[in-house]
Structure formats: structure tokens, C-alpha cells
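Spelled out from the first residue to the last, the chains are:
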Amino acid sequence: MDTKQEKEIVEFWEKEKIYKTDLSNKNLFPIDTPPPTVSGAMHMGHAFSYSQQDFIARFHKMKTGVFYPFGTDDNGLPTERLVEKINNVKSKNMSRKEFIELCLKTLKKITPAFVQDWKNLGMSCDFEMSYSTIDKNSQKISQKSFIELYKGGEIYEKKVTTIWCPECQTAIAQAELEDKKLSSLFSTLKFSCDGKDLLIATTRPELLPACVAVFVNPDDKRYTKLIGKKAKVPFFDYEVPIIADKSAEMEKGTGVLMICSYGDRFDVDAINRHKLKPNVILDKNGRLTEGKYKGMKIKEARKKILEDFKNMNLISEQKEISHVVNVHDKCGTEIEFIPTEQWFIKIIDKKKIFIEQGKKIKWYPEFMHKRYDNWVNGLEWDWSISRDRHFGIPIPVWKCDKCNELIFPSEKDLPVDPLEIKKKCPKCNSLAVPESKVLDTWATSSLTPQIASSLVNDKIKLPFSLRPNAHDIIRTWAFYTIVKSYLHKKQIPWENIMISGIVSLGGEKMSKSKGNVIAPQNIIEKYGADALRFWAAGSKLGEDLDYQEKDLVTGKKVINKLENAAKFVFMNLENYRGEKPKKLEPLDELFLSNLNEVVKTITESFETYEYNKARAEIENFFWKYFCDNYLEMVKKRVYQGTGEKKLSAQYTLYNSLLTILKLIAPIMPFVTEKIYQNYFKKNEKVKSIHLCEWPEFDKKKKFSKDFDILIEDLTIVRQEKSEKKLSLNSPIEKFTTPNHKIILSYLDDFKSASGAITIDLGKEHKVNFPKAGTEKVE
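Here's what I pulled together on the structure shown here. Since the structure is predicted, the reported quantities are computational estimates derived from the model, not experimental observations.

### Section: the overall build of the protein chain
Along the backbone of the protein chain there are 22 helices and 29 strands. The contacts of the protein chain with a sequence gap of at least 6 include a subset with a gap of at least 24, amounting to 77%. For the protein chain, the exposed area adds up to about 35700 Å²; of that, 48% sits on carbon and sulfur atoms.

Have a look at this one:
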């Protein structure tokens, strides 16, 4: 099986519409497919998590049928930054209309190749049923959601201190923050009170002009007498109140806390609690707006002010520290807090509701539910849904400055871009001001169930059966989808959620910055998609998996063994026409009963999202039971047998191999399709193995451990031959075994595989190797 053959199979799937959704099926398993962000090519994390969700999707496709559309997420900052990089432009230097046109033109050019990566991976989505989060339909659904929630009292606009990214030039939400460990100077500065030094340690000296108060802990006896007095800010020579507040940690630094507008979220809280008047000195570009350091960027101003303070002997102590700061997850820039006018969805007042909604969903693995709860319980702000960017879904509203009236479009006019349409106020007839902001990408991605359902005229209803979700976006995509589903429908969006882990290399997460990225496209080219998928099935759901090439080699060996086994089986089925014997031989019946148990175990494993267990089970059964032992035991019967005995072997070989292929098809769709097309299609009359019905567990079949006993005894014979450096088909005169009675039930086939002339009963296993004599059974 090579890459060329895999590509031919992808073309076959597309041409024959193998994954087309059958909407007449009332038992479909709807999947809220993650739309990958169009920000480059598919990376290893994609290949890992999308393979895992596809194992489950393919299983359900064969079992009941699926609703499994494909989408791309292409209206957010990552796509905007990619467009800027590809075209060597900056959106802020272009008009919104020009930049949007450039984005759409670029997306049209790059998206087909981007989507092809997912097809090459073997994703079984219905690619004809696809959406983009920036297409007109998604825009309409997103804008309709905004209008409905505003009119329902769930959205408000307010000028507040918001989290701001100076690099991306936009407000962002709490969920878009990441922690990053950075080194910094921790400088103890000389404030003063009553003519004496008041030492305060800080990592942000550039915010001294924005200092509005000094906090001391009311229990800190060092500073009790200073409470209510004034502290003088060094160099800038103005005074601020000294306030008693428990947030001042007595053990941190000098125990005195500088409150600025705004260094972090604690400053925001402190200023609001004490009703202090802020003095904001940073602009949206991250530059200082007043004083000696006006126009300087934050780090430049920090360096300069420390130089000046050192020259003026205003630094008491200075040391290098490593501390955690909040950065924007899209660009890695340290965030600031700046007062801006933004739109918000109310979530803080519903934290308990969202906790309860999370409990209604089955989480796989279960421990990931705790991450969701921790996130919801730790929320401090409402959801900021507006962004000061060009490319995105426009917020559909106009404002009348005279009447303070908001004007919304009618639903039939959606989607709209207010900047392109003039609206007059219905009250005073004045020209209304269009909203220039766009919606946060999560405000649209949180509606993927509704967007997917709209592709089939809302025939698929909430809740969907499944949401596959990466663990790092539980706080965003999972949470926000639960929010929107509750606010609009008072429902959960899906019944089950499966959370994937991450890919590491040598124990470290793969990332471009570390230079330890391996492209899945190269792996597929070298080993094939099936081998990569086999590797991805090697970890439990939710667990991280280290990339090791030896796992790909193992996957390739499985592929080769499947092909060789199929070739061997069908070499001996030349005259077989699918007939079933009147009665199965004991060994064949035993083997099929063992296979029946494997069907049960693997079905249960896929149903509980334990694809790794399914892989281990079928891999073990295929190698150990089918190839190494059953084939060896029936070899003579299919070579030299006649009549019903041969027919029984042929029937069992044909049906067991077909069942094995079906069981492994969700994980390795390419090689199973190839073998099916080459050998089974003409008899089965089904276009693809992936359209075949999933094997059913037969409760009537009795399970016996006899086959394990046969394997145990055969292994002993083989080991003895190996130790004596004899070929495995060498005869043995007598084999003594405590399992004599069991072996008698399968005597001819066991003797064929072992080479034994005589089988005797004994307390211990023993193999005799004199010259072969007359056949005798005792």
C-alpha cells in the first residue's frame, strides 16, 4: 500500500460519494465537526485529534449512519494574520472593504489545498456538505444570534476597562489569555511618606505616572501608622492616598502595593472597589501618552525610566525574577488593560446554570469535565464579543447619537455590513452611525451546531450526538457553544463531548518556536495515512502522545500483514462461491466464536470512545489468533482437504477476514478499502467497505477458551523446535499435554499445525523428537 494508492482511494471515495449523508436515515449520529482554522497547513496536532474523532465517526457510519459535515474557521485573527503575511500587507493600512476583498480572494486560493490535507488523512466527512465561518450563511446565523440576544437582554455595550492586545489592536476575551513565563527586573523604588522612604517593589515602573494609590495590608504592623496618609510618587512628584486593603501581600516584596491604571486585572478591581479616579497613560498601540516618556513603547519606556531612576538613586534594590504574565493566545503579546467601548454577552450571572449544563453532557474522558467546571468557576468578566479588526462578521447595528437609539436590520436583509449601508434614525430621521467593530470569531464558532444544521434546512436538531474538542479550547469553543445553546434554546448542544490531548516530541509539545515540528504531510508521504492513524490510535483519549517513528513502522507492518494475509486467504478461495457448509468443523466454529467476542469488545470500546482499546484488541486478534495460529491450523485443510471440511475452512477464512477488515476499517480506512475492493466487493455487492454494516455480536454463540489452550500448546511445540533449530513444519513423534481431552476435539487441525503424530495425556507438557513412526492416537 503506497501513497499513490491512497490518493486513488480518496478520488474513488469522492467520485462514488461514499460519505454522502443519507438524510432519509432517521437514526443518524450527528457530529459537530471542529472547523479547522485556515492559518496555514494541517499540523501534527490536527492529524492526531482529527484521526481520533474520525475513528468514532467511521464506526458510527457503519453502525447507524452519521451526519458529519466539514467546515473551515476563517473569520478570525489567525486567518487575518495569514493573509497579511501572504500578501505582505497590514490591515490597518487598508480600508475595511479592500482588506475583506483581499482576505476572501486569498481564502479562495488557499482553502482547497488546505482542505485536501484532511481528505488525504482519510477524514470521512461529507465534504460536499461544508461551510466556512465567514460565508454568507454563517454571517446570517451569527448576526441573527447577536440581534436575538441583544433584544433578549443578554448583550450590552459599555465603555469599560477591557483586555487589549497592542499587537493585534483589538479587545479580547478572558478565554483568549494564556500564561507565559517571562524574566523581568523586580525593582524596589523609593516612594516617600512624611519625608521618609516608602519602598515599593514593581516589575512595571513605566506605569508610575498612572499610579493612583498605594495599598498596605491592615494587619501589617509596619505600615499601620501610614494608613490614611499620602505617598509621594518618585520623580513624577505627586501624591496618592495610602489605603488599607487585604490584597497587599505582606510577604511579597516590601508588602506595599502600587495601584496603577492599569497594570493588571487586580488594578482594575482595586480601582473599581475604592472608586479611585484612573489616569490612563497607555494608548491602544502600547505607547505612553504623556510626560517625559511620551510616545515610547512599554518596554522602551521601562528601560529608560529604570536608567533615570538609577542615576537619581531612586532604586533601593533590583533583582532578576521569572514570573507568569498573561499573553494573547493568537500572537503571544503581553496584554494591557485599556478603557474601550465594547459589546458583551452576560455570562457571570449564569455561572451556576452553565455548570449545570455541563453536567448534562457526557465527558470523555470524564476528568476533562473538571477543567470545564474550573474554567466556569474562575470567570471574572462577561464575554467580550466585539473586535476592533477589519476581517470578521460585522456587528449588525447602527447608532443614532441624537436619540441614543440602536437600529437593527430585519432578518430578511441579513447578512449586512453597516459600513456599506446608510441608515436613518426612525425617530429623528438623522443619519445613524454604523458600528465598525466585528464579532469575535468564537461568537460565530459557538454556533457550529446551528450552522451545520442549516446546511440541511434544520432537519438535524439539537442536541447533536457528539462534539470532538481539543482540550486547550474547552474554555473557548466548548464553553461558548454551551453558552449560546442555552441562551437561544435552553438546551445542551450535544449529548457527548470527546476531548483530545496534544502531540509531543521527546516529551515537549510540538511548536514552531521550539523548532520541533514534524509535518504530517511528510509522514503520510513516507508511511501513508493509515500508519499515521494507527499511531494516533495508540493513546487513550485525552492523553498526550509522544511522536515516535517506530510506531509508524509498526503501523506499516500491520498494513503489509493485512495485505499478505488477504493474498494468502484468497489464493485458497479460488473456487469458493460464498456457500456455507451444512455443519462447521469444530475448530472453525471455535474460531468464529472467539471472533464474535472480539466484535463485542471492539463495539463496546468504540461506543465508549476507547479506540485505543479497540486497536489493541483487533491488532492482537489479527496477529496472534488469525495469522499465527488459525491460518496455520487450517492450512492443510484448505490445501489438501475436500468436501465439507474444506468448505468449512473456506467459509471461515472468508467471513473472519471480512469481519477483521470491518473492525479495523475505522482506524485504517485505506488498506481495508483496497483489500475489500480487490477481493470482497464482487461477492458483497456493496460499493465500499465503509458502507458495509458493522459486524453484530451474536448473543447465541457460546464462547470457549479452547482456542487459547490450542495456542498455548502450539507455542510449546514451536519453542521446542526452535531450541533444537528445527523448522516449524518438522514432525514430532509424540506430544504429551494435560490438555489432551480438549485437543482431541480439534485433533486433525492441531496435528496439522504441530506436526505431532501422537497426542498423549500427561501432567506436564513434553515433546518427543525421534523419527516419525506410525500414526497413533491415544
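### Quick look at the sheet that holds strand S19 (residues 405–407)
Taken in spatial order, the three strands of this open sheet run S19-S18-S20, and their pairing is antiparallel. Either end of the sheet is taken by a strand with one partner, and the two such strands are S19 and strand S20 (433–434). Taken together, the two bridges between strand S18 (residues 398–400) and S20 define a ladder with antiparallel strand orientation. For Lys 399, the partnering residue across the bridge sits in S20 and is Val 433.

### Here we look at a positive patch on the surface
Judged by side-chain charge, Lys 90, Lys 92, Arg 287 and Lys 297 come together as a positively charged surface patch. Tracing the chain through its elements places Lys 297 in the loop between helix H6 (265–273) and helix H7 (298–311). You can call Lys 297 partly exposed: its relative accessible area is 41%.

### Quick word on the pattern of salt bridges
On inspection of all chains with the given rule, the structure shows 47 salt bridges. When the shortest N-O distance is used, the salt bridge between Lys 304 and Asp 308 registers 3.6 Å. Residue Lys 304 and its partner Asp 308 are located together in helix H7, separated by four residues, close to a single helical turn. Residue Glu 604 is joined to Lys 600 by a salt bridge in which the shortest nitrogen-to-oxygen separation is 3.3 Å.

### Details of the environment of Lys 119
With respect to the element layout, Lys 119 can be found in helix H4 (residues 96–121). Taking the C-alpha atoms as reference, Lys 119 lies 9.4 Å from Glu 11; in sequence the two are 108 residues apart.

### Here's the deal with helix H15 (residues 549–571)
With 23 residues, H15 extends 33 Å from end C-alpha to end C-alpha; this agrees with the ideal 33 Å at 1.5 Å per step. Those residues of H15 that sit buried are Leu 552, Gly 555, Val 558, Ile 559, Leu 562, Glu 563, Ala 565, Ala 566, Phe 568, Val 569 and Phe 570. Among the structural elements, helix H13 (520–527), helix H14 (529–536), helix H17 (611–640), helix H18 (643–664) and helix H19 (669–684) are those in contact with the buried residues of H15.

### Regarding H19
With 16 residues, H19 should reach 22 Å at 1.5 Å per residue; the first-to-last C-alpha distance of 18 Å falls well below that figure. Approximately 55° is the largest bend angle found in H19, and it occurs at Gln 677. Its buried side turned inward, H19 meets helix H1 (3–15), helix H2 (44–63), H4, H14, H15 and H18. Following H19 by one or two positions, Lys 685 adopts a phi angle in the positive range, close to 65°.

### Thoughts on the pairing of strand S14 (residues 336–345)
Two faces belong to every sheet, and in a regular strand the side chains alternate between them. Extensive coverage of S14 is indicated by the burial of eight of its ten residues. Alignment of S14 against strand S16 (residues 383–384), held across two bridges, turns out to be antiparallel. The partner of Ile 345 across the bridge, within S16, is Trp 383.

### Focus: the nonpolar core
Trp 383, Phe 479, Trp 535, Phe 606, Phe 626 and Phe 735 are the most contacted members of the largest nonpolar core, which totals 181 residues. The leading source of residues in this core is H17, at 13 residues. Look past the residues within four positions of Phe 479 in its chain and what remains in contact with it is Ile 347, Phe 354, Tyr 372, Trp 375, Val 376, Leu 379 and Ile 474. One finds Phe 191, Val 256, Ile 305 and Ile 315 within the second-largest nonpolar core, a separate group that totals 32 residues.

Analysis parameters
- Residues numbered from 1 in each chain as written.
- Predicted model: local features only at pLDDT ≥ 70, side-chain atom pairs only at ≥ 80, totals over all residues.
- Heavy atoms only, no water.
- Helix = DSSP H or I, 4+ residues; strand = E, 2+ residues; numbered from the N terminus.
- Contact = heavy atoms within 4.5 Å.
- Areas by Shrake-Rupley, 256 points an atom, 1.4 Å probe, with all protein chains shown as cover.
- Pairing = 2+ DSSP bridges.
- Patch = residues over 30% accessible without salt bridge, like charges linked within 9 Å, V, L, I, M, F, W, Y side chains within 5 Å.
- Salt bridge = Lys/Arg side-chain N within 4 Å of Asp/Glu carboxyl O.
- Lys, Arg positive; Asp, Glu negative; His and termini not counted.
- Charge placed at Lys NZ, Arg CZ, Asp CG, Glu CD.
- Buried < 20%, exposed > 50% of the residue type's maximum accessible area, 1.4 Å probe, protein only.
- Expected span 1.5 Å × (residues − 1).
- Bend = angle between axes of the 7 residues up to and from the residue.
- Core = buried A, V, L, I, M, F, W, Y, C linked by side-chain atoms within 4.5 Å.

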